[in-house]
Amino acid sequence: MISVGNIAVVLFGAAALGGMMNTVPDYNSSFQPFSIFADQDGIGKGRQFTAELTGLKSAKVISYAQFGQEVSRDSSATFLIAELSITGRTESRQLEAIWLGATGRQYSQSARLEDAPRNLSSARFEPGLTDRTIAVFEMPEDEIVGGRLVLAPRASMVMDGAVYFAEAEAAPANHEMLRLEP
Amino acid sequence: MVDGGPGIRFYRMMAQSLKSAVGRIRIRIIAAIGLVAAIVLTWWMKVEDARIPDAPPPIAFGQPVSVGRSVFIPEKLALANDENGERKLVLTGLIENVTGSTQVAVFGFPEMLPVLSSGDTEFPAPRVNLVRDDDFLKQLEPRIREAIAIIWDVPPDWQAQDVLIAFSAQQFKLNDNLYSKSSWLQFHPTGRLTARPEQGA
């Protein structure tokens, strides 16, 4: 009887473990930043920053000046430019942005435009100061409508807050050539 | 007690003997399970080995080859001179990110670029440029197929002949054994392209 009881305990433990393994969220989905949603006015308050999405634009070609040289970048798809106004809250921070596409794919900021003026990649936000910045992405056009911008502190996304802005409901103004000014 | 029948000692002995037999059978069953588990594990390891072929399959131009996070389709291999008159071997083709997010480690991490060999000549690691603006390939976005050029510097003593280009990819594991999170693990060869370079510009 004792043996039967032991076997039943082991079987129950194995079944419970199997059940938990199949129902508990996996590591990747568990260790994600906390979701903070921006309000109706497009203003999101993260733990260390407040951000407002002031506009979206798309462009086939982006140009700007760097150290007196003209730089022009084109894309095999389209550039999406998110214009932001960001205020630091408690400490000096750098932020990173991703675009969650309409298909669920994640697009990081384009590394080919890191040296563009006012780019989020090189910006640092100080407490109490508000700065304008842009995040530039490269993606197929059908990822824009239905997609959304996500903003989070750089390199510390896990266990911190990420601000989710509202989904893009309409295609943004499209430019054949967009000039980025400082 | 019945005269001539087995005594209490006999029953005790029988019970002990039975207990001992059950114990021995249990040990043998456990040993048999261990033996079967070892045989099944060995068999499965052989199956796993067979799933990754020793020699990577030969590929041809226009045929896709996995480089892990992306798929590359080689289109042309040419011998060209750069603006300084130095010879370069240029493999052009299309590459597409097959994951759900932007990839910086297009050829894996740590990066393992295609390896070119020809006779005894050693070629240095290549660089990878976008064809459309000749800028470095810094990242690859999902669903955007890019034309790239993989460029090798050619040693001065090398004579144009057939070359072998070996591609490799990291193995993807959805749930790894440490954290049960998705990981890119060891590299394995995925294809080899044998071609004679065309004379380019």
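Not measured: the values here are computed from a predicted model. (Residues numbered from 1 in each chain as written. Chains lettered and ligands numbered in written order. Predicted model: local features only at pLDDT ≥ 70, side-chain atom pairs only at ≥ 80, totals over all residues. Heavy atoms only, no water.)

Asker: Describe the packing of aromatic side chains, naming the residues involved and giving the relevant values.
Answerer: All names here are of chain B. Enumeration over the complete set of coordinates arrives at seven aromatic pairs over all chains. Relative to Tyr11, the ring of Phe10 lies with its centre 5.7 Å away and its plane at 70°, an arrangement referred to as edge-to-face. Measuring from centroid to centroid gives 6.2 Å for Trp43 and Trp44, while their planes differ by 50°, and the two rings are tilted. On the basis of relative accessible area, Trp43 is assigned to the exposed category, the value being 55%. Since its relative accessible area comes to 42%, Trp44 is described here as partly exposed. (Phe/Tyr/Trp six-rings, centres within 6.5 Å; stacked < 30°, edge-to-face > 60°. Buried < 20%, exposed > 50% of the residue type's maximum accessible area, 1.4 Å probe, protein only.)

Asker: Talk me through the domain arrangement of chain B; I want residue IDs and the actual numbers.
Answerer: It is common to report an interface's size as the accessible area lost on association of the parts. Each assigned domain of chain B is listed here: domain 1 (4-50) and domain 2 (58-199). Between domain 1 of chain B and domain 2 of chain B, the C-alpha centre-to-centre distance is 57 Å. (Domains from an automatic or database assignment.)

Asker: Please set out unusual backbone geometry residue by residue, giving values where relevant.
Answerer: Note that the residue after Phe109 of chain B, namely Pro110 of chain B, is joined by a cis bond; omega there is -5°. With respect to the helices and strands, Pro110 of chain B occurs in the loop between β4 (87-97) and β5 (115-118). Positioned with a positive phi, Arg118 of chain A is a non-glycine residue whose angle comes to about 65°. Its identity as a non-glycine residue notwithstanding, Arg143 of chain B has a phi of 65°, on the positive side. Looking at the element boundaries, Arg143 of chain B is found in the loop between β7 (127-130) and β8 (146-153). Relative accessible area serves as the criterion here: at 31%, Arg143 of chain B is assigned to the partly exposed category. (Helix = DSSP H or I, 4+ residues; strand = E, 2+ residues; numbered from the N terminus.)

Asker: Can you break down the interface of chain A and chain B residue by residue, with the values?
Answerer: With 23 residues of chain A in contact, the opposing surface of chain B contributes 21 residues. Together, the buried faces of chain A and chain B total about 1,700 Å²; carbon and sulfur atoms form 45% of this surface. At the junction of chain A with chain B, the criterion picks out seven salt bridges. Where Arg132 of chain B meets Glu138 of chain A, a salt bridge forms, and the shortest distance between an N and an O atom there is 3.2 Å. (Contact = heavy atoms within 4.5 Å. Buried area = accessible area lost by both parts, 1.4 Å probe. Salt bridge = Lys/Arg side-chain N within 4 Å of Asp/Glu carboxyl O.)

Asker: Account for the sheet that holds strand β1 (residues 34-37) of chain A, with residues named and values stated.
Answerer: Residue and element names in this part refer to chain A. The strand order across the open sheet built from five strands is β1-β9-β8-β5-β6, with neighbouring strands paired in mixed fashion. Both edges of this open sheet fall to β1 and β6 (106-108), since each of them pairs with a single strand only. Mean inter-strand twist for the sheet, computed between neighbouring axes without regard to direction, equals 30°. Sheet topology places strand β5 (residues 95-100) next to strand β8 (residues 148-153); six bridges connect them, and they run antiparallel. Bridge pairing in β8 links Leu100 to Arg148. (Pairing = 2+ DSSP bridges. Axes fitted to C-alpha atoms, helices over the stretch in contact; angles between N-to-C directions.)

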